[in-house]
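Next come the chains, spelled out residue by residue.
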Amino acid sequence: MKNLHFIGFLLLGLAFLLYYMLPEFSVVKLFEPINLMGILAGIGIGLIIGGIVGYVSKGSALKEEQRRKELQQLRREKEDLERQAAELARQQNLTQNNPNENPQNY
């Protein structure tokens, strides 16, 4: 977003520079209705484009964050399943080594 502001100010400065270079430049002409309409139209178009770019970039950032959270959740579930499998294997080893004992008595 900061880059968009910088580009916006840069283009506004360039537009003023080009207007200043006109042979019939005067500060009074800058505030004539046709010039004000052009300035306001440029600002409006810039705001619309900036809003669209901001909306799209925020949406993609939210989607990426959601993917990251889902990946972390899957990793946690995988670790839990591995722990459960290790515990089950340990219990099976105990029952195979001691078939006379009931594992439910522990």
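Residues numbered from 1 in each chain as written. Predicted model: local features only at pLDDT ≥ 70, side-chain atom pairs only at ≥ 80, totals over all residues. Heavy atoms only, no water.

### Re a nonpolar patch on the surface
Heads up, the rule is: Exposure above 30% relative accessible area and the lack of any salt bridge qualify a residue for a patch; like charges then connect within 9 Å, and the nonpolar side chains Val, Leu, Ile, Met, Phe, Trp and Tyr within 5 Å. Using a 1.4 Å probe, the Shrake-Rupley method yields the accessible areas, and only the shown protein chains count as cover for residues. We define a salt bridge as a side-chain nitrogen of Lys or Arg found within 4 Å of a carboxyl oxygen belonging to Asp or Glu. By definition, any uninterrupted DSSP run of H or I lasting at least four residues is a helix, any uninterrupted run of E lasting at least two residues is a strand, and each is numbered from the N terminus.
Together, Phe6, Ile7, Leu10, Leu11, Leu14, Phe16, Leu17, Leu18, Tyr20 and Met21 give the surface a local cluster of nonpolar side chains, amounting to about 1,100 Å² of exposed area. Counting through the fold element by element, Leu18 comes out in helix 1 (residues 2-20).

### Concerning the layout of surface pockets
The test is simple: A 1.4 Å probe that fits into a set of points on a 1 Å grid over the protein atoms alone but cannot get out defines a cavity; an open set with protein on both sides within 12 Å along at least five of seven lines defines a pocket, and lining residues are those with an atom within 4 Å of a point. Grid points are joined across faces, edges and corners, and a volume is the space filled by probe spheres set on the points. Three classes are used, and their members are as follows: Ala, Val, Leu, Ile, Met, Phe, Trp, Tyr, Cys and Pro are nonpolar, Asp, Glu, Lys and Arg are charged, and the others, Gly among them, are polar.
Volume-wise, the largest pocket comes out at about 850 Å³. Taken together, 24 residues line the largest pocket, and the ones lying closest to its centre are Gly8, Leu12, Gly42, Ile43 and Gly46. For the lining of the largest pocket, the elements supplying multiple residues, two or more each, are helix 1 and helix 3 (33-97). Here the element with the most residues in the lining of the largest pocket is helix 3; it accounts for twelve residues. Of the residues belonging to the lining of the largest pocket, the class tally is 16 nonpolar, eight polar and no charged.

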